[in-house]
Amino acid sequence: KNEGYKAACNALSELIGTLDYTPKHPSINLLGEYNVADDLQFVKPFFQEMGMEVVATLTGDARVAEIQRAHTAQLNLVQCSGSMTYLAKNMEEKYGIPYRRISFFGLEDMSTALRTATQFFDSAEPKQKAEEIILREMARVAPQIEAYRAKVAGKKAAIYMGGAAKAVSLVRAFQELGMEVVIIGTQTGNRDDYQKIAYIVKEGTVIIDDANPLELKELLIKQDADLLVAGVKERFLAYKMGIAFCDFNHDRTMNFEGFEGMKNFAREVCITINSPVWQLPVKRPCWVGRGSQLASVPGVNNDIQEPCHS
């Protein structure tokens with residue numbers, strides 16, 4: 001997976017720097033923003049409102065011409081560090097563009113992302129505008145998020161992501177919802193990533209690297225998780241175990257980024273955890289043995305059927 005990221009970044013590097021352009025305002029690129037479920041429209045307007053020009057978004061909603069002129073931006077904001085840090089370092093070496101790692105998920109991280117951009121340009125007006133946006137948006141979504149928080153506080157969450165950046169953001173988001181993270185793991189995290197994760201989670205949280213389904217299943221049982229947040233491959237494991245599931249990866253159809261996205265995420269978590277379906281008993285078909293009316297089943301060797309145990 002990491003080699004695939006590197007190959008993709010090298011391909012993008014062939015395009016970047018091949019088109020002349022002069023930004024009209026303080027300018028940024030959003031690297032590692034993939035516009036899943038139209039996320040970009042809940043993030044990009046805030047930077048424009050602060051007087052900044054978004055030269056390119058790599059690669060969500062990007063056009064070839066925007067990628068070609070990405071070298072003219074003054075700052076790279078890296079949302080998905082696993083996929084785009086390599087390109088950000090390449091652009092820093094080649095074009096002198098510094099980069100900052102940010103996240104657009106969760107109230108705290110979204111606010112930090114806006115402040116990070118304004119701190120780089122060190123201008124009073126954008127800083128003031130950023131604070132106005134944060135106050136306005138927090139006031140708008142906070143009451144709804146608090147209503148969902150009241151219904152999920154104290155629940156236990158398990159996180160299993162492809163990259164570490166999203167996992168870290170999820171920990172903070174669950175803290176905002178009053179939930180405890182009992183398992184956190186990634187497929188591509190490195191030692192530095194796990195040290196950062198260990199710093200923000202509570203003692204007793206299990207940190208795993210590239211777990212297989214059997215290991216994940218055993219940990220979910222051991223840690224008594226109420227919710228698993230992962231990719232589509234883990235959905236069926238959670239459902240079979242009777243554990244609530246939230247899809248956070250590229251298969252989702254609901255925006256989770258920005259202030260509005262955090263409200264949507266809180267709602268999704270609340271509905272999923274509190275669904276009455278998890279209270280239903282798990283029923284499996286079985287037969288009581290030879291000689292009964294239920295024992296003879298077409299296409300099944302009835303001589304080796306096991307008795308039904310309650």
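Bear in mind that the values here come from a model prediction, so they are computed numbers and not experimental data.

(A) Molecular detail of helix 4 (residues 81-95). Taken together, the buried positions of helix 4 are occupied by Ser 81, Ser 83, Met 84, Thr 85, Leu 87, Ala 88 and Met 91. The inward-facing, buried residues of helix 4 contact helix 1 (2-15), strand 1 (27-33), strand 2 (53-59), strand 3 (75-78), strand 4 (99-101) and helix 7 (164-176). With its phi angle positive at about 75°, Gly 96 sits one or two positions after the end of helix 4.

(B) Spotlight on the environment of Ala 113. Summarising the element assignment, Ala 113 is placed in helix 5 (residues 107-121). Given a relative accessible area of 0%, Ala 113 falls into the buried group. When the C-alpha atoms of Ala 113 and Ala 37 are compared, they prove to be 20 Å apart, with 76 residues separating the residues in sequence. Once residues within four sequence positions are removed from consideration, Ala 113 is found in contact with Phe 47, Ile 102, Ser 103 and Phe 104.

(C) Geometry of the sheet that holds strand 3. Spatially, 2-1-3-4 is the arrangement adopted by the four strands of the open sheet, whose pairing is parallel. Each edge of the open sheet carries a strand with a single partner, namely strand 2 and strand 4. Sheet twist, expressed as the mean angle between neighbouring strand axes with direction ignored, is 20°. Pairing analysis gives four bridges linking strand 1 to strand 3, with the strands arranged parallel. Opposite Leu 31, over in strand 3, you have Val 78 as the bridge partner. Packed on one face of the sheet, helix 4 meets strand 1, strand 2, strand 3 and strand 4 and runs near 145° to strand 1.

(D) Region of the structure containing the packing of helix 7 against helix 11 (residues 258-273). Where helix 7 contacts helix 11, the two axes come as close as 11 Å, and the packing angle between them is 70°. In this view, helix 7 runs roughly perpendicular relative to helix 11, as classed from their interaxial angle. Along the contact surface, helix 7 presents Leu 170, Ala 173, Phe 174 and Glu 176, while helix 11 presents Met 262, Phe 265 and Val 269. Within the contact of helix 7 with helix 11, the residues separate by chemical class into six nonpolar, no polar and one charged.

(E) Representation of the confidence of the model for the chain in the model. When pLDDT is averaged along the chain, the result is 89; 91% of the residues meet or exceed 70. Per-element confidence in the chain ranges from a low mean pLDDT of 87 for helix 8 (residues 191-200) to a high of 98 for strand 3. Contacts from residues 287-310, a stretch scored under 50 in pLDDT, to residues over four places away or in other chains number 19 contacts.

(F) Examining the nonpolar core more closely. Phe 47, Leu 114, Phe 174 and Phe 265 are the most contacted members of the largest nonpolar core, which totals 55 residues. With seven residues, the top contributor of residues to this core is helix 11. Setting aside residues no more than four positions away along its own chain, Phe 174 makes contact with Ala 157, Ile 159, Met 179, Val 181, Leu 227, Val 229, Phe 265 and Val 269. Ile 183, Ala 211, Ala 230 and Ile 243 belong to the second-largest nonpolar core, a separate cluster that totals 16 residues.

(G) Region of the structure containing the pairing of strand 5 (residues 156-161). The buried count for strand 5 comes to five of six residues, which makes it a mostly enclosed element. Across six bridges, strand 5 lies against strand 6 (residues 180-186) in parallel orientation. The residue bridging Ala 158 from the neighbouring strand is Ile 183, located in strand 6. Remark: the strand 5/helix 7/strand 6 crossover connection has right-handed handedness. Across three bridges, the pairing between strand 5 and strand 8 (residues 227-230) is parallel.

(H) Examining helix 9 (residues 213-222) more closely. Every buried residue of helix 9 is listed here: Leu 216, Leu 219 and Leu 220. Looking straight down helix 9, one finds that the buried residues subtend no more than 105° of arc, so they occupy a single side. Looking at helix 9, the residues exposed on the side facing more than 90 degrees away from the buried face are Leu 214, Ile 221 and Lys 222. Those residues of helix 9 hidden inside the fold are in contact with strand 5, strand 6, strand 7 (206-209), strand 8 and helix 10 (232-241). Here helix 9 starts with a cap whose side-chain oxygen sits 3.1 Å from the backbone nitrogen of Leu 214, and that cap is Asn 212. Positive backbone phi, at 55°, marks Asp 224, one or two positions downstream of helix 9.

(I) Structural view of a negative patch on the surface. On the surface, Asp 209, Asp 210, Glu 215 and Glu 218 cluster together to form a negatively charged patch. According to the relative accessible area criterion, Asp 209 is partly exposed, its value standing at 44%.

(J) The pattern of salt bridges, seen in detail. Applying the stated criterion to the full structure yields 13 salt bridges. The shortest N-O distance in the salt bridge between Lys 129 and Glu 49 comes to 3.8 Å. Taken as a pair, Lys 129 in helix 6 (residues 124-152) and Glu 49 in helix 2 (residues 44-49) lie far apart in primary sequence, 80 residues in all. By relative accessible area, Lys 129 is classed as partly exposed at 28%.

(K) Local environment of the sheet that holds strand 7. Strand order across the open sheet formed by five strands is 7-6-5-8-9, with parallel pairing between neighbours. Each having just a single partner strand, strand 7 and strand 9 (244-247) make up the two edges of the open sheet. On average, each strand axis in the sheet is tilted by 15° relative to the strand beside it, whichever way the strands run. Both strand 8 and strand 9 contribute to a ladder of four bridges, which runs parallel. When the bridges of strand 9 are listed, Leu 227 appears paired with Ala 244. Of the strands in this sheet, strand 6 and strand 7 are in contact with helix 8, which crosses strand 7 at around 165°.

Procedures and definitions
Residues numbered from 1 in each chain as written. Predicted model: local features only at pLDDT ≥ 70, side-chain atom pairs only at ≥ 80, totals over all residues. Heavy atoms only, no water. Buried < 20%, exposed > 50% of the residue type's maximum accessible area, 1.4 Å probe, protein only. Helix = DSSP H or I, 4+ residues; strand = E, 2+ residues; numbered from the N terminus. Contact = heavy atoms within 4.5 Å. Pairing = 2+ DSSP bridges. Axes fitted to C-alpha atoms, helices over the stretch in contact; angles between N-to-C directions. Parallel < 35°, antiparallel > 145°, perpendicular 65-115°, else oblique. Nonpolar A, V, L, I, M, F, W, Y, C, P; charged D, E, K, R; others polar. pLDDT = per-residue confidence, 0-100. Core = buried A, V, L, I, M, F, W, Y, C linked by side-chain atoms within 4.5 Å. Right-handed = clockwise from strand over helix to strand, strands pointing away. Arc of directions from axis to C-beta. Polar contact = N/O pair within 3.5 Å; in protein donor to acceptor, adjacent residues only side chain to side chain. Patch = residues over 30% accessible without salt bridge, like charges linked within 9 Å, V, L, I, M, F, W, Y side chains within 5 Å. Areas by Shrake-Rupley, 256 points an atom, 1.4 Å probe, with all protein chains shown as cover. Salt bridge = Lys/Arg side-chain N within 4 Å of Asp/Glu carboxyl O. Lys, Arg positive; Asp, Glu negative; His and termini not counted. Charge placed at Lys NZ, Arg CZ, Asp CG, Glu CD.

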